[in-house]
Amino acid sequence: MATVAGCLILCIWLAGIPLLTGAIPAFFLEHRKCSLSFMWVSGYMISWALFQLEAVPLVLLQISQSFAVLVKIFGLSSLALAAGGAFLLIRSRKSGARMSLVRGEESGSRANRIYWGIFLALAALQLVLAVAMNYGDGDDAYYVAVSTLTESSNTMYRLMPYSMGATGMDLRHGLAPFPVWIAFLARISGLPTVSVAHVVLPLFLISTTYVIFYRIGGLLFAKKREKLPLFLSFTALLTIFGNYSLYTVENFMLARSRQGKAALGSIVIPMVFLLFLMILDRTEKRQRIPRMLWLLLGATVTASCLCTTLGTVLMCVLLGVTGLCSALTYRKLGLAVKTALCCVPALAYAVLYFMV
C-alpha cells in the first residue's frame, strides 16, 4: 500500500506539479489555447531552475540538516508556483481558452493515424525496455550513491559515496545537484532512492524528451502537419538504434536517464532549440517577442546548471553562437543582447566554481 501511495505522490510531483507550473508561461504565451505539451516541458524547466537556485546556496552554506531544509523550501515554493499556475489556468478557462495535448488537426486521414500509432508504439517500447532492461551504469556508483546518502543522512555532498566517510565539500558536483533532486523525490514519496532513479524517472524523463521533439516538429512542419508523426517516428528509430557507444546521446537518454548529463543532452538542450525556434519564428514574422520567452530561456539555462557543471560552458557557447548568428541574419542587435542576458545564470555559476 505504501508503494502505491509513493507512486501516486511521484505522479503528482513529476506530472501534476510541472503541468500547473507550466501554466504560468503558457498563460502569457498561448493566450486562447493552453497546450498541455508546452505546459509540461516549460514546467520542468522552471521547476529545475527553482531547485538549482535553492539547493546550491544550502550546499555552500552546509548548515545542519541542509537537505531537510531544502525539502521544505523547495516543496513549499513548488506548491506555491503550482497554485499560481492553477489560478491562471482557471482564469484562462473562464475566458474561453481551449486546453489540449495535441492541436487536433494532426489526426485526420487514416494513414496519419497509422503513423501516429507507429510512433506511439515505438515510444512505448522504449519506455518498457528502459525499465525492464535497466542496468547499473558505472557512474551509478557515484550519482545514485549520492542520492541515497543525501536522503538518508540529511546532508549534501559531505559524505564520500564510495566509503561513506566524511569529506570536504565536493564543489564540482555540489554546484550541479541533480542527484539531490532525485533524493528529494525519494524523500517525499517514501520509495527507495534506487527505485526512483532506475524505475520511475526513465518513464517521465524519456516522455519529456519526446514531448519537446513534438513541439519542435510542430514548428518545423507548421504547414505540413501530416509530416509530424513521420518526424517523430524517425526520431524514435534513431534513438533505438543509436546505442552504438556508451557515450551517445541515445544511450544516455534510454539507459542513463537518471543522470544529469542525460537530462542536459536529451531535455535541456532540445528545449533551448525549441525556445529559439519560437523566438526566431516570431522574429521572421515581425511579431513582438514576449518577455516570458526570454525568461523561460533564462530558466532553461539555469536548469542546465542543475544537470552538470559542464552545462555552464555548453549553454554559453550554444547561446552565444545562436544569438550572434540570429542577430546577423535578422539584423537585430537586440537578439544578441537578450541572448547574452540569458547566459548570466550560467556565467554566475561558472564564476562561482572558480572563486570558491
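Parameters and conventions
Residues numbered from 1 in each chain as written. Predicted model: local features only at pLDDT ≥ 70, side-chain atom pairs only at ≥ 80, totals over all residues. Heavy atoms only, no water. Patch = residues over 30% accessible without salt bridge, like charges linked within 9 Å, V, L, I, M, F, W, Y side chains within 5 Å. Areas by Shrake-Rupley, 256 points an atom, 1.4 Å probe, with all protein chains shown as cover. Salt bridge = Lys/Arg side-chain N within 4 Å of Asp/Glu carboxyl O. Helix = DSSP H or I, 4+ residues; strand = E, 2+ residues; numbered from the N terminus. 1 Å grid on protein atoms, 1.4 Å probe; cavity = no way out; pocket = protein on both sides within 12 Å on 5 of 7 lines; lining within 4 Å. Points joined across faces, edges and corners; volume = space filled by probe spheres on them. Buried < 20%, exposed > 50% of the residue type's maximum accessible area, 1.4 Å probe, protein only. Axes fitted to C-alpha atoms, helices over the stretch in contact; angles between N-to-C directions. Parallel < 35°, antiparallel > 145°, perpendicular 65-115°, else oblique. Left-handed = near helix turned anticlockwise from the far one by under 90°. Contact = heavy atoms within 4.5 Å. Nonpolar A, V, L, I, M, F, W, Y, C, P; charged D, E, K, R; others polar.

Visitor: Any details on a nonpolar patch on the surface? Residues and values, ideally.
Guide: A surface patch of nonpolar side chains, amounting to about 430 Å² of accessible area, comprises L310, V313, L314, V317 and V321. Mapping V317 onto the fold places it in helix α13 (residues 310–330).

Visitor: Help me get a handle on the environment of W116, residues and values and all.
Guide: Residue position: W116 is located in helix α4 (residues 110–132). Distance in space between the C-alpha atoms of W116 and S153 is 46 Å, their sequence separation being 37 residues.

Visitor: An account of empty space enclosed by the protein is needed here, citing residue identities and associated values.
Guide: Summed over all chains, the structure comprises four cavities of 30 Å³ or more. The calculated volume of the largest cavity comes to roughly 70 Å³. Lining the largest cavity, in full, are W13, L14, P18, Y44, S47, W48, F74, S78, W181, F184 and L185. Residue assignment for the lining of the largest cavity shows that the elements contributing at least two residues are α1 (2–29), α2 (36–61), α3 (66–94) and α7 (178–189). The volume enclosed by the second largest cavity comes to roughly 60 Å³. Around the second largest cavity, the lining residues are V146, L149, T150, S153, T155, Y157, R158 and L159.

Visitor: Residues and numbers for the pattern of salt bridges, please.
Guide: Scanning all chains against the criterion turns up two salt bridges. Across the salt bridge formed by E151 and R187, the nearest N and O atoms sit 3.0 Å from each other. Of this pair, E151 sits in helix α5 (residues 143–153) while R187 sits in helix α7, and the two are 36 residues apart along the sequence. You can call R187 partly exposed: its relative accessible area is 27%. The shortest N-O distance in the salt bridge between D281 and K285 comes to 3.4 Å.

Visitor: Please give an account of the packing of helix α11 (residues 260–284) against helix α12 (residues 291–307) that cites residues and values.
Guide: Relative orientation of the contacting elements α11 and α12 amounts to 165°, with a least axis distance of 9 Å. Relative to α12, the element α11 is oriented roughly antiparallel. Seen from above, α11 lies across α12 with left-handed handedness. Where α11 abuts α12, its residues G260, K261, A263, L264, V268, M271, V272, L275, F276, M278, I279 and R282 lie against L293, W294, L296, L297, T300, S304 and C307. Classifying every residue of the contact of α11 with α12 by side-chain character gives 14 nonpolar, three polar and two charged.

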